[in-house]
Amino acid sequence: MFGDHFYHAIMRKSVAVFGTLFNNITVVRKDSSGNIKDFQKVPLAYGPRQKFLARIDEQRDLTDPKVALKLPRMSFEITSLEYDSTTKLSQFSGLTTTSTGTTSSTAKQIVPYILNMQLNIIAKNQDDALQILEQILPTFQPLYTVSVKLLDDVNESFDVPITLQSVSLSDDYEGDFQTRRSLIYTLDFTMKIRFFGRVS
């Protein structure tokens, strides 16, 4: 059944595309006169939010310039992968493209899947979190489609729809006055991707 090794790195490319959508978000802080006093690019990293929250809790002073982990920041991760039965294709489906006049590339066994992604916005004050959120929400209505070249051997790009499914807020305000507050906005997305068999 299984033959020679092949690897198209579909999930790796999909995760990279997802992260690229959010890597140029900035936060601006103003003084009482309305003049900009601070302009900061929001760092983005792949990983679960619990990992970043644990690192934040270990830091005593997040305003210390020696501290490497500062807020606000964003993290994203894969939450699940499921078969997309709504766009099921024939088991004999394939993709053929002509690279020259006499040669062509064929990818067989195209299978649709839904990749569930989660983006977390972590901030210590509400204004920073809302600035980030307002730079993301207008783009997704709730669908945003990007064109991605998924196969290196096939000279064709594929549309990858990314849908914003939900937005939730977690405000960790319990505890004494010494406890650090962390606001977390969680955005759940779905990406419709395709896996391909061997290219011949």
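To be clear, the structure that these remarks concern was listed above.
Parameters and conventions
- Residues numbered from 1 in each chain as written.
- Predicted model: local features only at pLDDT ≥ 70, side-chain atom pairs only at ≥ 80, totals over all residues.
- Heavy atoms only, no water.
- Helix = DSSP H or I, 4+ residues; strand = E, 2+ residues; numbered from the N terminus.
- Buried < 20%, exposed > 50% of the residue type's maximum accessible area, 1.4 Å probe, protein only.
- Contact = heavy atoms within 4.5 Å.
- Areas by Shrake-Rupley, 256 points an atom, 1.4 Å probe, with all protein chains shown as cover.
- Phe/Tyr/Trp six-rings, centres within 6.5 Å; stacked < 30°, edge-to-face > 60°.
- Pairing = 2+ DSSP bridges.
- Polar contact = N/O pair within 3.5 Å; in protein donor to acceptor, adjacent residues only side chain to side chain.
- Expected span 1.5 Å × (residues − 1).
- Salt bridge = Lys/Arg side-chain N within 4 Å of Asp/Glu carboxyl O.

## Quick word on the overall build of the chain
- A count of helices and strands for the chain gives three helices and 10 strands.
- Listed by position from the N terminus, the elements making up the chain come as α-β-β-β-α-β-β-β-β-α-β-β-β.
- The buried share among the 200 residues of the chain stands at 38%.
- Contacts in the chain between residues at least 24 apart in sequence constitute 70% of all its contacts with a sequence separation of at least 6.
- Entry remark: accessible area of the chain is about 12,200 Å², with carbon and sulfur atoms responsible for 49%.

## Looking at the packing of aromatic side chains
- For the coordinates displayed, the defined rule picks out 10 aromatic pairs.
- Centre to centre, the rings of Tyr-83 and Tyr-113 are 5.6 Å apart; their planes meet at 80°, and the pair counts as edge-to-face. Placement of the pair is Tyr-83 in strand 4 (residues 73-83) and Tyr-113 in strand 7 (residues 111-123), with a sequence separation of 30 residues.
- On the basis of relative accessible area, Tyr-83 is assigned to the partly exposed category, the value being 37%.
- Taking the relative accessible area as the measure of exposure, Tyr-113 reaches 25% and is therefore partly exposed.

## Here we look at the pairing of strand 4
- The pairing of strand 3 (residues 44-46) with strand 4 spans three bridges and is classified as parallel. Bridging from a neighbouring strand, Tyr-46 pairs with Phe-76 of strand 4.
- Relative to strand 7, strand 4 runs antiparallel, the two being bridged by 10 bridges. Along strand 7, the bridge assignment pairs Glu-77 with Gln-118.

## Remarks on the side chain of Ser-14
- In this fold, Ser-14 is placed in helix 1 (residues 10-21).
- Exposure remark for Ser-14: the relative accessible area of 3% places this residue in the buried category.
- Here Ile-10 takes part through its backbone oxygen, which lies 2.8 Å from a polar atom of the side chain of Ser-14.
- Excluding its chain neighbours within four sequence positions, the residues that come into contact with Ser-14 are Leu-115, Met-191 and Ile-193.

## Overview of the environment of Asp-4
- Structurally, Asp-4 can be placed in the segment before helix 1.
- Separated by 194 residues in the primary sequence, Asp-4 and Arg-198 have C-alpha atoms spaced 8.4 Å apart.

## Overview of helix 1
- Here helix 1 spans 17 Å end to end across 12 residues, near enough to the 16 Å set by a 1.5 Å rise per residue.
- For helix 1, the set of buried residues is Ile-10, Lys-13, Ser-14, Val-15, Val-17, Phe-18 and Gly-19.

## Some details on unusual backbone geometry
- Across the junction of Gln-141 and Pro-142, the peptide omega takes the value -15°, indicating a cis bond.
- For Pro-142, the location among the structural elements is in the loop between helix 3 (126-136) and strand 8 (143-148).

## Overview of the environment of Glu-77
- In this structure, Glu-77 sits in strand 4.
- Judged by relative accessible area, Glu-77 falls into the buried class, the value being 15%.

## Some words on the pattern of salt bridges
- One pass over the structure, following the stated rule, counts three salt bridges.
- A salt bridge links Asp-38 to Arg-29; the nearest nitrogen and oxygen atoms lie 2.8 Å apart.
- On the basis of relative accessibility, which here comes to 30%, the residue Asp-38 falls in the partly exposed class.
- Classification of Arg-29 by relative accessible area gives partly exposed; the value is 21%.
- The salt bridge partner of Lys-192 is Asp-84, with a shortest N-O separation of 3.8 Å. Residue Lys-192 is located in strand 10 (residues 182-195), and its partner Asp-84 is located in the loop between strand 4 and strand 5 (94-98); the two are separated by 108 residues in the primary sequence.
- A relative accessible area of 3% places Asp-84 in the buried class.
- Residues joined in a network through salt bridges with shared partners are Arg-29, Asp-38 and Asp-128.

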